[in-house]
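So you can see what is in the structure, the chains are spelled out below.
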Amino acid sequence: MKLLIKNGRVVHPVTSAVILQDILIEDGKIVLIERGLEAEADQVIDASGLAVSPGLVDMHVHLRDPGLTYKEDIITGSNAAARGGITAMACMANTSPTVDCPEQVQYVLDRANQGSGVQIFPIAALSKGLRGEEPTDADALKKAGAIALSDDGNNVDNANLMRDVLIQAGQLDIPVLCHCEDTSMVEGRAVNEGSVSRQLWLEGRPAIAEELVVMRDAMLAEETGAHVHICHVSTARSVEIIRKMKKKGIHITCETCPQYFTLTEDEVLVQGSLARVNPPLRTAQDVKGIIAGLKDGTIDAIATDHAPHSAEEKARPLVRAPSGMIGLETSLAITLTQLYHTGKMELPEIIRRMSTNPSDILHLPKGRMSLGVDGDLTIFDPNEEWTVDPERFASKARNTPFGGWKVKGRVKYTIVKGRVIYRQA
Ligand SMILES: NC(=O)N[C@@H](CC(=O)O)C(=O)O
Ligand SMILES: [Zn+2]
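So, how was this worked out
- Residues numbered from 1 in each chain as written.
- Chains lettered and ligands numbered in written order.
- Predicted model: local features only at pLDDT ≥ 70, side-chain atom pairs only at ≥ 80, totals over all residues.
- Heavy atoms only, no water.
- UniProt positions renumbered as here; feature names shortened; annotations may be inferred.
- Near = heavy atom within 4 Å.
- Polar contact = N/O pair within 3.5 Å; in protein donor to acceptor, adjacent residues only side chain to side chain.
- 1 Å grid on protein atoms, 1.4 Å probe; cavity = no way out; pocket = protein on both sides within 12 Å on 5 of 7 lines; lining within 4 Å.
- Sits in = over half its atoms within 2 Å of the grid points.
- Nonpolar A, V, L, I, M, F, W, Y, C, P; charged D, E, K, R; others polar.
- Pairing = 2+ DSSP bridges.
- Helix = DSSP H or I, 4+ residues; strand = E, 2+ residues; numbered from the N terminus.
- Donors = N, O, S within 2.8 Å, 3.2 Å for Na, K, Ca; no water.
- Buried < 20%, exposed > 50% of the residue type's maximum accessible area, 1.4 Å probe, protein only.
- Contact = heavy atoms within 4.5 Å.
- Points joined across faces, edges and corners; volume = space filled by probe spheres on them.
- Expected span 1.5 Å × (residues − 1).

- The name that an unreviewed UniProt entry assigns to the protein is Dihydroorotase, with the source organism given as Flintibacter hominis.
- Reading the Function (unreviewed entry) entry of the UniProt record for the protein gives the comment "Catalyzes the reversible cyclization of carbamoyl aspartate to dihydroorotate."

Given below as structure tokens:
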């Protein structure tokens, strides 16, 4: 089986080049990347005017399967990812039951095979039932196919547990992904602590709740030598802390999400529970700090934290609605609109954060445009404008804060191992 992609602007995230080239994929692998390639193929895609990049890797999604499949399931989540140009993703363990034993890891892997073709890599819980008390069997979970450990959704309040888990994870050479928000400072609170929480007469989730735990986990990374990855960084000071810790040579990486470099807490006043997410949307100053962190490489990755909830749940009043927003089908478009079309970042730098770096953090053999690697590609028109219409999403959920937004940048084809799994109609 041969697939030839002709005349695309090929985005090379490692060398930062964008070159007019053709790509030949044979039996699932990239075998030639050249200008003016003359080759026989079973399928030819004319990518004139389009960008061709390594497939996007989303390292933080909630697929809600098993148990919470009224919100999303692995099949619909995998369809949504394909529409978003994502070829591989890692899914969090806060399902029902939680993914805290080898059987549940196997369940996710089995279901993933029935999906759109997007590769799914399970993340296992670091504590049993995500309760933050007893560690899971990291060795068995890794053997079953888990690629990282995380209690995401919950902060790990018990520093001793975190330390023990990091020692284990260090020995197994897998990263620990940390949702950082000190529970005692955020429990039961819906929005950032600041002008909006004051206007609404609510107690808020302060920035320091995140920053304290970022600091703690960085120090634990230093002490144990293990790899700590900070999830969804949302404050300027978290970026500062991570920048300093990286300079010290500590093995720490981090991600942010499109909402944190696009929206502020004010969005809550406009969209109510649709703008409720953990950690919460912050201030314009934080947005600036996040963008600076993305530009200078302190922030390694852009993930979605795709967090589907039902319409009924999100229709509840702000303080009773669950936190989270979906992102699989808008992430590339929002990122291009906010960072590329504003001149803040170039395509290769963006693709490095949406493909190469997350892939490296999780030790996946993805995110590179070179010979012999899996033919996972995202083909997009960086300049096409469209309007986000949640009714058209493949996801079961509609909880995006970007409904009705005019964005610039559209996924045309998503290709996994040389097979077109999505093509824009
Ligand atoms: N981000 C959220 O607000 N919610 C996530 C959990 C998480 O990523 O922390 C969810 O599972 O709904
Ligand atoms: Zn989280």
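1. Quick notes on the site of ligand 1
In step 1: Looking at ligand 1, there are 15 residues lining it, with Arg64, Asn94, Asp152, His179 and Asp305 nearest.
In step 2: Ser323 is positioned such that a nitrogen or oxygen atom in its backbone is 3.2 Å from an oxygen atom of ligand 1.
In step 3: Cavity membership is defined here by more than half of the atoms lying within 2 Å of grid points; on that basis ligand 1 lies in the largest pocket.
In step 4: Broken down by class, the residue content of the shell around ligand 1 amounts to two nonpolar, ten polar and three charged.

2. Thoughts on the pairing of strand β2 (residues 17–26)
In step 1: Taken together, the nine bridges between strand β1 (residues 2–12) and β2 define a ladder with antiparallel strand orientation. When the bridges of β2 are listed, Leu4 appears paired with Leu24.
In step 2: Between β1 and β2, which pair antiparallel and follow one another directly, the connecting turn spans four residues, one of which, Ser16, has a positive phi of 65°.
In step 3: In textbook terms, the turn of a hairpin is the stretch between consecutive antiparallel strands, and for β2 and strand β3 (residues 29–34) this stretch comprises two residues, one of which, Asp27, has a positive phi near 45°.

3. A word on the coordination of the zinc ion (ligand 2)
In step 1: Every protein donor of the zinc ion (ligand 2) is accounted for by Asp152 (OD), His179 (ND1) and His232 (NE2), and the metal-donor separations fall at 1.9 to 2.2 Å.
In step 2: For the zinc ion (ligand 2), the single-chain donor residues occur in sequence as D-x26-H-x52-H. Taken together, the residues Asp152 in the loop between β9 (148–150) and α4 (159–172) and His232 in the loop between β11 (228–230) and α8 (236–247) connect sequence positions 80 residues apart.
In step 3: Its relative accessible area of 3% is what places Asp152 among the buried residues.
In step 4: Look at His232 and you get buried, because its relative accessible area is 2%.

4. Let's talk about the UniProt feature "binding site: Zn(2+) 1" (unreviewed entry) in the protein
In step 1: Look at the UniProt record and you will see "binding site: Zn(2+) 1" (unreviewed entry) annotated at His60, His62, Asp152 and Asp305. In three dimensions, the annotated residues from a span of 246 residues occupy one location, with a maximal C-alpha spread of 10.0 Å. Lining the largest pocket, from this annotated set, are His60, His62, Asp152 and Asp305.
In step 2: Take His60: its relative accessible area is 0%, and that puts it in the buried class.
In step 3: Every residue in contact with His60, bar those within four places of it in the chain, is listed here: Ala90, Met92, Asp152, Cys231, His232, Glu255, Ala303, Thr304, Asp305 and His306.
In step 4: There is a polar contact of 2.8 Å between the side chain of His60 and the side chain of Asp152.
In step 5: Looking at where Asp305 falls in the secondary structure, it is placed in the loop between β13 (301–302) and α11 (311–314).
In step 6: Aside from chain neighbours lying at most four places away, what touches Asp305 is His60, His62, His232, Cys257, Gln259, Asn278 and Met325.

5. A closer look at empty space enclosed by the protein
In step 1: Going through the model one piece at a time under the given rule, you end up with six cavities of 30 Å³ or more.
In step 2: Estimated volume of the largest cavity: approximately 50 Å³.
In step 3: Forming the walls of the largest cavity are Pro54, Gly55, Val57, Thr87, Lys366, Gly367, Arg368, Val373, Asp374 and Asp376.
In step 4: Looking at the lining of the largest cavity, its residues break down into three nonpolar, three polar and four charged.

6. Notes on the layout of surface pockets
In step 1: Quantified by volume, the largest pocket comes out at close to 680 Å³.
In step 2: Considering the residues around the largest pocket, the lining is formed by 35 residues, among which Gly153, Asn154, His179, Asn278 and Ser323 are closest to the centre.
In step 3: A per-class count over the lining of the largest pocket returns seven nonpolar, 16 polar and twelve charged.
In step 4: Here the second largest pocket is characterised by a volume of approximately 330 Å³.
In step 5: What lines the second largest pocket is a set of 19 residues, among which Arg83, Glu329, Trp386, Arg410 and Tyr422 lie closest to the centre.
In step 6: Contributions of two or more residues to the lining of the second largest pocket are made by α12 (331–340), β14 (377–387) and β15 (406–416).
In step 7: Along the lines of polarity and charge, the residues of the lining of the second largest pocket split into eight nonpolar, six polar and five charged.

7. Topic: helix α10 (residues 284–296)
In step 1: Across its 13 residues, α10 extends 19 Å between first and last C-alpha, which sits within 8% of the 18 Å expected from 1.5 Å per residue.
In step 2: Of the positions making up α10, those classed as buried are Asp286, Val287, Gly289, Ile290, Ile291, Gly293 and Leu294.
In step 3: On its buried side, α10 packs onto α8, β12 (252–256), β13, α12 and α13 (347–361).

8. Focus on unusual backbone geometry
In step 1: Cis rather than trans, the peptide bond between Asp65 and Pro66 has omega equal to 15°.
In step 2: Looking at where Pro66 falls in the secondary structure, it is placed in the loop between β6 (56–61) and α1 (74–83).
In step 3: The phi dihedral of Asp27 falls on the positive side, at around 45°, and the residue is not glycine.
In step 4: Structurally, Asp27 is set in the loop between β2 and β3.
In step 5: A positive phi is found at Arg64, a non-glycine position, where the angle reads about 65°.
In step 6: Within the secondary structure, Arg64 is located in the loop between β6 and α1.
In step 7: Residue class for Arg64 comes out buried when judged on its relative accessible area of 6%.

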